[in-house]
Amino acid sequence: MKRKPGSLLASIVFFSFTFSTVQAQQLVLLKNALIMRQPPFAACHASTITALPGKRLMAAWFGGTRESHPDVCIWTAVYDKGSWSAPQRVADGVINDSLRYPCWNPVLFRNRAGKLFLFYKVGKTPRHWWGMMMTSGDDGRHWSKAERLPDSLLGPIKNKPVQLPGGDILYPSSTESKDEKTWQIHLEKSDADGRNWQYIPINCDTFGVIQPSILQYPGNKLQLLCRSRQQYIVQSWSEDNGLTWSPLTKTTLPNPNSGTDAVTLQNGVQLLVYNPLPAGREWWQGRSKLKVAASADGRHWKDVYTLEDQPKGEYSYPAIIQSPDGLIHITYTADRKNIRHVVLRLETRR
């Protein structure tokens, strides 16, 4: 599909925020490319990305014949010196010689001690899957044996966890009931080493929500932004580092029943990547446009960058991080055939 002129070709987009003073900011496009030259599978989806030492990156996604096919595995690639390595299969859903399930929704996370985690799900559907975890002490050159997470815990369901100031790791998670009627978010917490897990419930009586992401604010304040069935991104707030959460409320941001991701930048700016359209009759409708929105307070958002603006197609399930060098990295599904990687730099106008 041809890319609409100007959607990602413009190198600079200007916008402003209010902190203690008004600052003018600019996003500079540094790179926009597909991760794979020749994907070794027919379909792929649900990417994740994390920073590695030496200005390297690792991305992961699931790929196979099609979503939910038993041959779907978890694949990774490493970005180094401007290019991506060939994809490597790192996990599958093989149970035994006669039973195999698809893999789903990998999430990469590297803690402050340098331990790299790969979380993913295995199961026939999201209503029946379970959480799996692998770890690496050498940034993905070698992985531990895959292990199943404790019963009733799934790990991060789509978006990355955050490590709290005290060291504990907070995971945004959710469940879908087996009758598909109930969507509900919750949080899970472990120690810094990925052990001693806890379940943190959230009251979801008024909304059907899944796949939250976590934003951080001063004073132990956190915000969840969630995919919903109610045509809007839905939020919840915590004032105690995630122990308790406010009732769910709608934001002003539309959501076509599609995954989002968000990140708190080093300067306090909040960025969200989402499909800014209402839901269509089919689950995939509303995923042809993909934008970046920004906020100073998590309540007032402004679209600041257009990643995709297509008449049709699926550009969805974004992942966003800021690497230690300050660059912003976004990956997302490119029409279920590849994963796109976009690099932006946030600058202050002088």
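Notes on the structure in this doc start here. Not measured: the values here are computed from a predicted model. (Residues numbered from 1 in each chain as written. Predicted model: local features only at pLDDT ≥ 70, side-chain atom pairs only at ≥ 80, totals over all residues. Heavy atoms only, no water.)

1. Looking at the overall build of the protein
Then, in step 1: Within the protein, the regular secondary structure consists of zero helices and 28 strands.
Then, in step 2: Against the compact-globule benchmark of 20 Å for 350 residues, the protein has a radius of gyration of 19 Å, which places it among compact chains.
Then, in step 3: In terms of its C-alpha atoms, the protein occupies a principal-axis envelope of roughly 60 × 45 × 45 Å.
Then, in step 4: By residue count, 57% of the 350 residues in the protein fall in the buried class.
Then, in step 5: The long-range share in the protein, meaning contacts at least 24 apart out of those at least 6 apart in sequence, stands at 49%.
Then, in step 6: For the protein, the accessible surface area stands at approximately 15,300 Å², while carbon and sulfur atoms represent 49% of it.
Then, in step 7: Side chains of the protein give 43 positive and 29 negative charges; the mean places of these two sets differ by 6 Å. (Helix = DSSP H or I, 4+ residues; strand = E, 2+ residues; numbered from the N terminus. Rg over C-alpha atoms; globule rule 2.2 N^0.38 Å. Buried < 20%, exposed > 50% of the residue type's maximum accessible area, 1.4 Å probe, protein only. Contact = heavy atoms within 4.5 Å. Areas by Shrake-Rupley, 256 points an atom, 1.4 Å probe, with all protein chains shown as cover. Lys, Arg positive; Asp, Glu negative; His and termini not counted. Charge placed at Lys NZ, Arg CZ, Asp CG, Glu CD.)

2. Concerning the packing of aromatic side chains
Then, in step 1: A full pass over the atoms with the stated rule returns eleven aromatic pairs.
Then, in step 2: Each ring, one from Phe119 and one from Tyr171, has its centre 5.3 Å from the other, and the planes form 75°; the classification is edge-to-face. Here Phe119 is found in strand E11 (residues 116-122), whereas its partner Tyr171 is found in strand E15 (residues 169-176), with 52 residues between them in sequence. Taken as a pair, Phe119 and Tyr171 share a single burial class, namely buried.
Then, in step 3: Chaining the aromatic ring pairs together yields one cluster made of Phe109, Phe117, Phe119, Tyr171 and Trp197.
Then, in step 4: Between Arg229 and the ring centre of Trp183, over which it is positioned, the NZ or CZ distance is 4.1 Å.
Then, in step 5: The ring centre of Trp237 lies 4.3 Å from the NZ or CZ of Arg299, which sits over that ring. (Phe/Tyr/Trp six-rings, centres within 6.5 Å; stacked < 30°, edge-to-face > 60°. Lys NZ or Arg CZ within 6 Å of the ring centre and 35° of its normal.)

3. Here we look at the state of the cysteines
Then, in step 1: Inspection of the entire model under this criterion finds zero disulfides.
Then, in step 2: Left without a disulfide partner, Cys103 is nearest to the cysteine sulfur of Cys73, which lies 5.7 Å away.
Then, in step 3: The class for Cys103 is buried, based on a relative accessible area of 1%.
Then, in step 4: Cysteine Cys226 is unpaired, with the sulfur of Cys204 as its nearest cysteine sulfur at 7.4 Å. (Disulfide = S-S within 2.5 Å.)

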